[in-house]
Amino acid sequence: MTDLRLRTAGSDDLDAVLAFWRTAAEGTSISDDRAGVERLTDRDPEALILAEQDGELVGTVIAGFDGWRCHLYRLAVHPERRRQGIASALLAAAEERFVRLGGRRADAMVLVRNATAQHAWGAAGYGPEEHWRRWVKPLTD
């Protein structure tokens, strides 16, 4: 995998990231808007990691650390660039970040219906914890 460049996102990248997720990510989130992503990058400027090849955005991961837990979201690779090691490189960068910050364990949000993602996360050494269930409450309409 030559010329893959990993870097953190800046404010100039956010519109491109949102457009990329519409193509490369599975499902949508209540935070998938410019204001939501700006809040993320304002609070934690190193959380959104981008992968680029030849100046083109080809992958993303959000590596959020709240001081207690390490959370991974929006691991996405352009459909035409999958199975080239991009996701592995993004996860390695995220995990290195977590270790540097003192993180002890990373978790990932993976849609139940996304069999491709479940396979990829399993291949990366992650596994489901069936004894946990995610509980959510929308705070806005």
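Attention here is on the structure that accompanies the text. Because the structure is a prediction, the values reported are computed rather than measured.

A short note on unusual backbone geometry
The phi torsion at Asp-54 lies on the positive side, around 50°, for a residue other than glycine. Within the secondary structure layout, Asp-54 lies in the loop between strand S2 (48–53) and strand S3 (56–65). Even without glycine at this site, Arg-74 takes up a positive phi of about 50°. Its location among the elements puts Arg-74 in strand S4 (residues 70–77). Using a relative accessible area of 17% as the deciding quantity, one classes Arg-74 as buried.

With respect to the pairing of S4
The buried fraction of S4 amounts to 6 of the 8 residues, a majority that puts the element mostly inside the structure. Where S3 meets S4, 6 bridges bridge the pair, whose relative direction is antiparallel. Across the sheet, residue Gly-64 finds its bridge partner in S4, namely His-71. Turn length for the S3-S4 hairpin, with the two strands adjacent in sequence and antiparallel, is 4 residues, and the turn residue Gly-67 shows positive phi of about 95°. Pairing between S4 and strand S5 (residues 106–108): 3 bridges, direction parallel. When the bridges of S5 are listed, Leu-72 appears paired with Ala-108. Regarding the hand of the β-α-β motif, the stretch spanning S4, helix H3 (residues 86–101) and S5 is right-handed.

A look at the packing of aromatic side chains
Summed over the entire model, instances satisfying the criterion amount to 1 aromatic pair. Between Trp-121 and Tyr-126 the ring centres are 5.0 Å apart and the planes differ by 85°, which places this aromatic pair in the edge-to-face class. Classification of Tyr-126 as buried rests on a relative accessible area of 18%. Lying over the aromatic face of Trp-21, Arg-74 brings its terminal NZ or CZ to 5.3 Å of the ring centre.

Structural notes on the sheet that holds S3
Here 5 strands make up an open sheet; going across it, the order is S1-S2-S3-S4-S5 and the pairing mixed. Looking at which strands have only one partner, the edges of the open sheet turn out to be strand S1 (4–8) and S5. Neighbour to neighbour, the strand axes of the sheet diverge by 25° on average, direction disregarded. Bridge count for S1 against S2 is 5 bridges, and the pairing is antiparallel. Directly across from Leu-4, in S2, lies its bridge partner Gln-53.

Digging into the packing of helix H1 (residues 14–24) against helix H2 (residues 34–43)
A pair of packed helices can be characterised by two numbers: the angle between their axes and the separation between those axes. The N-to-C vectors of H1 and H2 enclose an angle of 120°; their axes lie 10 Å apart at closest approach. Here H2 runs oblique to H1, going by the angle between their axes. The handedness of the crossing between H1 and H2 comes out as right-handed. Counting all contacts with H1, which are made through Leu-14, Asp-15, Leu-18 and Trp-21, the residues of H2 involved are Arg-34, Val-37, Glu-38 and Thr-41. Per-class residue counts for the contact of H1 with H2 are 4 nonpolar, 1 polar and 3 charged.

Quick notes on the rules
- Residues numbered from 1 in each chain as written.
- Predicted model: local features only at pLDDT ≥ 70, side-chain atom pairs only at ≥ 80, totals over all residues.
- Heavy atoms only, no water.
- Helix = DSSP H or I, 4+ residues; strand = E, 2+ residues; numbered from the N terminus.
- Buried < 20%, exposed > 50% of the residue type's maximum accessible area, 1.4 Å probe, protein only.
- Pairing = 2+ DSSP bridges.
- Right-handed = clockwise from strand over helix to strand, strands pointing away.
- Phe/Tyr/Trp six-rings, centres within 6.5 Å; stacked < 30°, edge-to-face > 60°.
- Lys NZ or Arg CZ within 6 Å of the ring centre and 35° of its normal.
- Axes fitted to C-alpha atoms, helices over the stretch in contact; angles between N-to-C directions.
- Parallel < 35°, antiparallel > 145°, perpendicular 65-115°, else oblique.
- Left-handed = near helix turned anticlockwise from the far one by under 90°.
- Contact = heavy atoms within 4.5 Å.
- Nonpolar A, V, L, I, M, F, W, Y, C, P; charged D, E, K, R; others polar.

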